[in-house]
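# Topology and contacts: notes
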Amino acid sequence: MTRVLVVDDEPQILRALRINLRVREYEVHLAATGAEALQMASRYPPDLVILDLGLPDLDGVEVIQGLRGWTKAPIIVLSGRADSTDKVEALDAGADDYITKPFGVEELLARMRAAVRRTGSAEDLPKIKLGPLVVDLAAKRVTRQAAVPTGAGPASPTAAGVGALAAHTDDIRLTPTEWHLLEVLLRNPGKLLSRNQLLTEVWGPGYADATGNLRLYMAQLRRKLEPDPARPRWLITEPGMGYRYKPNPDEDPEGPALPTAPVGPAPAG
């Protein structure tokens with residue numbers, strides 16, 4: 001079921017789209033302000049966004065920029081602004097399509113289907129390895145893979161040490177906010193993300209000073225994902241600036257490090 005976030009300050013449009021989309025088996029979430037839209041998107045990550053530009057608290061372009069910091073979900077602008085300058089600004093900010101009010105529901109549905117087709121299937125989203133952990137961005141799931149001995153009963157402890165190994169997978173539960181924060185970092189490998197940027201993208205524009213929230217959730221993520229939370233390997237703090245996701249060497253977007261000449265004899269084994 002495709003999850004759609006509809007953002008508009010006109011109650012009749014929210015009501016009409018909710019009815020029409022649910023009848024066609026879309027999962028629908030509604031927001032009447034920009035801040036509510038960003039919070040709703042973090043709680044229920046959308047597959048597609050329908051967005052009005054004229055919101056009471058934020059301009060729609062700001063909402064587009066906030067969403068584009070962490071999601072590639074198609075954004076269709078549904079606005080009464082017919083000026084080409086507004087259209088260009090929205091499209092440059094990251095919108096995928098622009099429909100001027102008044103609009104026809106069938107045209108909107110066709111544009112939605114086309115936008116979803118262009119984004120590709122969920123299988124196109126990457127799986128990222130953090131040591132024994134696998135972060136599946138499509139399934140929104142974090143698993144820990146471990147090998148356990150098989151074929152050895154309790155009466156043969158020796159066999160347990162030499163028996164065949166089978167893969168065992170455990171799920172690691174993340175809260176919606178933890179997941180949103182992790183996803184923003186993973187989608188920007190190697191890039192320094194400022195505290196203000198993370199707070200705005202994860203919590204919304206009204207939380208720019210809530211640095212305590214960010215520290216708390218980063219600490220929780222490290223406890224769940226890092227081998228040694230006190231010395232993180234992947235979720236790195238840049239003091240006084242922000243945070244970055246440091247990929248494994250074989251996943252570094254800047255390429256592998258240059259080889260260095262050996263200094264001494266290679267260690268045995």
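Fair warning: this is a prediction, and the values are worked out from it, not measured in the lab.

What counts and what doesn't
Residues numbered from 1 in each chain as written. Predicted model: local features only at pLDDT ≥ 70, side-chain atom pairs only at ≥ 80, totals over all residues. Heavy atoms only, no water. Polar contact = N/O pair within 3.5 Å; in protein donor to acceptor, adjacent residues only side chain to side chain. Helix = DSSP H or I, 4+ residues; strand = E, 2+ residues; numbered from the N terminus. Buried < 20%, exposed > 50% of the residue type's maximum accessible area, 1.4 Å probe, protein only. Pairing = 2+ DSSP bridges. Right-handed = clockwise from strand over helix to strand, strands pointing away. Contact = heavy atoms within 4.5 Å. Axes fitted to C-alpha atoms, helices over the stretch in contact; angles between N-to-C directions. Salt bridge = Lys/Arg side-chain N within 4 Å of Asp/Glu carboxyl O. Parallel < 35°, antiparallel > 145°, perpendicular 65-115°, else oblique. Left-handed = near helix turned anticlockwise from the far one by under 90°. Nonpolar A, V, L, I, M, F, W, Y, C, P; charged D, E, K, R; others polar.

## Looking at helix 4 (residues 84-93)
Side chains three or four residues apart in an α-helix point the same way, a direct result of the helix having 3.6 residues per turn. Measuring from the side-chain oxygen of the N-cap residue of helix 4 to the backbone nitrogen of Thr-85 gives 2.7 Å; that N-cap residue is Asp-83. Of the residues trailing helix 4, Gly-94 is marked for its positive phi of about 130°.

## Structural notes on the pairing of strand 3 (residues 48-51)
Across the two faces of strand 3 the burial is the same, with Leu-48 and Ile-50 and Val-49 and Leu-51 all buried. Where strand 1 (residues 3-7) lies against strand 3, 4 bridges are found, and the strand directions are parallel. Bridging across to strand 3, Val-4 finds its partner in Leu-48. Note: strand 3 against strand 4 (residues 75-79), 3 bridges, orientation parallel. What sits directly across from Leu-51, in strand 4, is Val-77. As for the winding sense of the linkage, the β-α-β connection from strand 3 through helix 3 (residues 60-68) to strand 4 is right-handed.

## Here we look at the sheet that holds strand 12 (residues 242-245)
As summarised here, the arrangement of the 3 strands in space is 10-12-11, forming an open sheet in which the pairing is antiparallel. With one partner strand each, in any of the chains shown, strand 10 (193-194) and strand 11 (235-238) form the two edges of the open sheet. Of the pairings in the sheet, the one linking strand 10 to strand 12 comprises 2 bridges and is antiparallel in character. Each residue of the ladder has a partner; that of Leu-193, found in strand 12, is Tyr-243. The strands touched by helix 7 (residues 176-186) within the sheet are strand 10, strand 11 and strand 12, with strand 12 carrying the most contacts at an inclination of about 70°.

## Thoughts on the pattern of salt bridges
Applying the stated criterion across every chain, the model contains 15 salt bridges. Between Arg-68 and Asp-96 there is a salt bridge, and its shortest N-O distance comes to 2.8 Å. Of the two residues, Arg-68 is situated in helix 3 and Asp-96 in the loop between helix 4 and strand 5 (97-100); the sequence distance between them amounts to 28 residues. With a relative accessible area of 24%, Arg-68 lands in the partly exposed category. By relative accessible area, which is 35% here, Asp-96 ends up partly exposed. The structure contains a network of salt bridges with shared partners spanning Asp-8, Glu-10, Asp-52 and Lys-101.

## Comments concerning the side chain of Asp-52
As for its placement among the helices and strands, Asp-52 is situated in the loop between strand 3 and helix 3. A distance of 3.4 Å separates a polar atom in the side chain of Asp-52 from the backbone nitrogen of Gly-54.

## Concerning the packing of helix 7 against helix 8 (residues 195-202)
At their nearest, the axes of helix 7 and helix 8 sit 10 Å apart, and the two run at 130° to each other. As summarised for this structure, helix 7 and helix 8 are arranged oblique, according to the angle between their axes. For the pair helix 7 and helix 8, the crossing hand works out as right-handed. Facing Thr-177, His-180, Leu-181, Val-184 and Leu-185 of helix 7, the residues of helix 8 in contact are Leu-198, Glu-201 and Val-202. Its residues placed into classes, the contact of helix 7 with helix 8 shows 5 nonpolar, 2 polar and 1 charged.

## Structural notes on the pairing of strand 2 (residues 27-31)
Summarising the sheet, strand 1 and strand 2 pair through 5 bridges and their orientation is parallel. For Val-7, the partnering residue across the bridge sits in strand 2 and is Ala-31. On the question of chirality, the crossover connecting strand 1 to the parallel strand 2 by way of helix 1 (residues 11-23) is right-handed.

## Here's the deal with helix 3
Residues of helix 3 that are buried: Gly-60, Val-61, Val-63, Ile-64, Gly-66 and Leu-67. Where helix 3 is buried, its residues contact helix 2 (34-43), strand 3, strand 4, helix 4 and helix 8. Sitting at the head of helix 3, Asp-59 places a side-chain oxygen 3.0 Å from the backbone nitrogen of Val-61.

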